Amino acid sequence: MAHLTEYRLLSGAHWSASARSLRGTDLRGHALRPLPGLCLSAALAAAAMALGRIDWLAAHGLSALTLAIVLGMLVGNTVYPRFAAASGPGVQVSKQQLLRLGIVLNGLRLTTQDIGQMGWSGVLVDALVLCSTFGLACWIGVRWLGLERESAMLIGAGSSICGAAAVLATEPVVKARVEQVTVAVATVVVFGTLSIFLYPALFQLNQAWGVIPGGAKGFGQYAGSTIHEVAQVVAAARSIGPEAADAAVIAKMVRVMMLAPFLLLLSGWMARAAGGRAAKGAGGAVAGKGKITVPWFAFGFLAVVLLNSQQWLPAPFVHLVTEIDTGLLAMAMAALGLSTHFGAIRKAGAKPLLLALILFGWLLAGGALINHWVPVVLG
């Protein structure tokens, strides 16, 4: 009997050890599941960053982020379906967690001193351009063109703030589908690239017409407040001159800084709208409550901006982290491209492109009026 009891105890200990071993194996397996997709996203991001350093591509505003989504789409619509099952978890991590980390670290590119260089007039210009462009996107996109609200908001965010990064940052707040995100990013690429060639010609016209005051510096602020992507701003403004380029980059960086408060306000508005729809669906008898999707990474972004403004961090460290940040955002873009099917873009039709074209026209004309009148009004 004693032997039997001892056997049972030993047997139980053996099975407990085996169970712990199996659980450990499962945990390790679970932790390694994202690895293939992360490696694929990283490889595409590295290729995009290498291509982005080619002078001709950089001069035409084709940044690492733009190239990453293009490479991702090419691979995603050719060989990727063969190993999508194994790579899917890592691709999802790149699109979500790495994107948020990349946006947080993007704060190292900005300081509160940038606002001081622009003055309150420049900040107000950026804010008016952002609000008017996004408002038009929602109104025209949904009311006139009949687009889904999520699509209109994504296109509006990309046009009004900072291009593809703004589209990706807005996606979790509006809970958009992958194809909606991809179409919005495509519109940013199309019209932002067009800006690179158009704005130097507009500068020459402005020299004769004098719509935008301040010479090259004033026109640089106009470019920074109205062109979609940072890389496109740099490419367009450098064609005009160094003074225009410096002013354009500062104006654009302040516009990028507005991404965090924009996401917070949008989340609150979405929750309120959801609550209103719930109340209406209940016949108005019970007030519905929408759940606010708090973009916590926006707070992280602001915290990093404030930290960077203290100038405590060594310059080599900041440079290294910004390079890492570019890599993280490029991985997110590559992952988005891998998840995109050309058929979904074709299915979206011409309406998203038409909305982006209307917003592009507003950025050109309305942005010029805002840049003209705000300095006049504020003196």
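First things first, this report covers the structure right here in the doc.

Right, let's talk about the packing of helix H7 (residues 149-162) against helix H17 (residues 351-378) for a bit. Viewed as axis vectors pointing N to C, H7 and H17 meet at an angle of 35°, and their least axial separation amounts to 10 Å. Like other packed secondary-structure pairs, H7 and H17 cross with a definite hand, here right-handed. Listed contacts from H17 to Ala 152, Ile 155, Gly 156 and Ser 159 of H7 are Pro 352, Leu 355, Ala 356, Leu 359 and Leu 363. Residues belonging to the contact of H7 with H17 are distributed by class as follows: seven nonpolar, two polar and no charged.

Moving on: the pattern of salt bridges. Going through the model one piece at a time under the given rule, you end up with four salt bridges. Of the charged contacts in the structure, one is a salt bridge between Arg 53 and Glu 323, with a shortest N-O distance of 3.6 Å. Of this pair, Arg 53 sits in the loop between helix H2 (35-52) and helix H3 (55-59) while Glu 323 is found in helix H15 (residues 315-338), placing the two residues 270 residues apart along the sequence. On the accessibility criterion, Glu 323 (32% relative accessible area) is partly exposed. Arg 177 is the salt-bridge partner of Glu 179, the closest N and O atoms lying 2.7 Å from each other. Judged by relative accessible area, which is 29%, Glu 179 ranks as partly exposed. Here Arg 177 falls in the partly exposed class, since its relative accessible area comes to 38%.

We now examine unusual backbone geometry. Non-glycine residue Lys 175 carries a positive phi angle of around 60°. Relative to the assigned elements, Lys 175 resides in the loop between helix H8 (164-174) and helix H9 (178-209). Even without glycine at this site, Gln 311 takes up a positive phi of about 60°. Looking at the secondary structure, you find Gln 311 in the loop between helix H14 (296-309) and H15. When its relative accessible area of 60% is taken as the criterion, Gln 311 is described as exposed.

A separate point is the side chain of Asn 206. Relative to the helices and strands, Asn 206 resides in helix H9. Those residues in contact with Asn 206 that lie beyond four places of it in its chain are Val 211, Ile 212 and Phe 219.

Attention shifts here to the nonpolar core. Core analysis: the biggest nonpolar cluster contains 99 residues, and Leu 259 and Phe 262 have the highest contact counts within it. Aside from chain neighbours lying at most four places away, what touches Phe 262 is Leu 130, Phe 134, Ala 157, Ile 161 and Thr 170. Counting residues in each nonpolar core, the second largest holds five residues, with Val 125, Val 129, Ile 370 and Val 374 among its members.

Attention shifts here to helix H10 (residues 215-226). For H10, which comprises 12 residues, the first-to-last C-alpha distance of 17 Å matches the rise-based estimate of 16 Å (1.5 Å per residue) to within 8%. Listing the buried residues of H10 in full gives Gly 218, Phe 219, Gly 220, Tyr 222, Ala 223, Gly 224, Ser 225 and Thr 226. Where H10 is buried, its residues contact helix H6 (112-144), H9, helix H11 (230-238), helix H12 (242-257) and H17.

Glancing now at the packing of H9 against H11. Packing of H9 against H11 brings their axes to within 8 Å, and their N-to-C directions diverge by 15°. With respect to H11, the axis of H9 lies roughly parallel. When you trace H9 past H11, the crossing you get is right-handed. Across from Val 188, Val 189, Gly 192, Thr 193, Ser 195, Ile 196, Tyr 199 and Pro 200 in H9, the residues of H11 making contact are Gln 232, Ala 235 and Ala 236. Class assignment for the residues of the contact of H9 with H11 results in seven nonpolar, four polar and no charged.

A surface patch of nonpolar side chains, about 680 Å² in accessible area, is lined by Leu 124, Leu 128, Leu 369, Trp 373, Val 376, Val 377 and Leu 378. Among the elements of the structure, H6 and H17 are those that each provide at least two residues to the nonpolar patch. Here the element with the most residues in the nonpolar patch is H17; it accounts for five residues. On the secondary structure map, Val 376 appears in helix H17. Classification of Val 376 as partly exposed rests on a relative accessible area of 48%.

Definitions and cut-offs
- Residues numbered from 1 in each chain as written.
- Predicted model: local features only at pLDDT ≥ 70, side-chain atom pairs only at ≥ 80, totals over all residues.
- Heavy atoms only, no water.
- Axes fitted to C-alpha atoms, helices over the stretch in contact; angles between N-to-C directions.
- Helix = DSSP H or I, 4+ residues; strand = E, 2+ residues; numbered from the N terminus.
- Left-handed = near helix turned anticlockwise from the far one by under 90°.
- Contact = heavy atoms within 4.5 Å.
- Nonpolar A, V, L, I, M, F, W, Y, C, P; charged D, E, K, R; others polar.
- Salt bridge = Lys/Arg side-chain N within 4 Å of Asp/Glu carboxyl O.
- Buried < 20%, exposed > 50% of the residue type's maximum accessible area, 1.4 Å probe, protein only.
- Core = buried A, V, L, I, M, F, W, Y, C linked by side-chain atoms within 4.5 Å.
- Expected span 1.5 Å × (residues − 1).
- Parallel < 35°, antiparallel > 145°, perpendicular 65-115°, else oblique.
- Patch = residues over 30% accessible without salt bridge, like charges linked within 9 Å, V, L, I, M, F, W, Y side chains within 5 Å.
- Areas by Shrake-Rupley, 256 points an atom, 1.4 Å probe, with all protein chains shown as cover.

Spatial relationships are all this shows, so hold off on functional conclusions.
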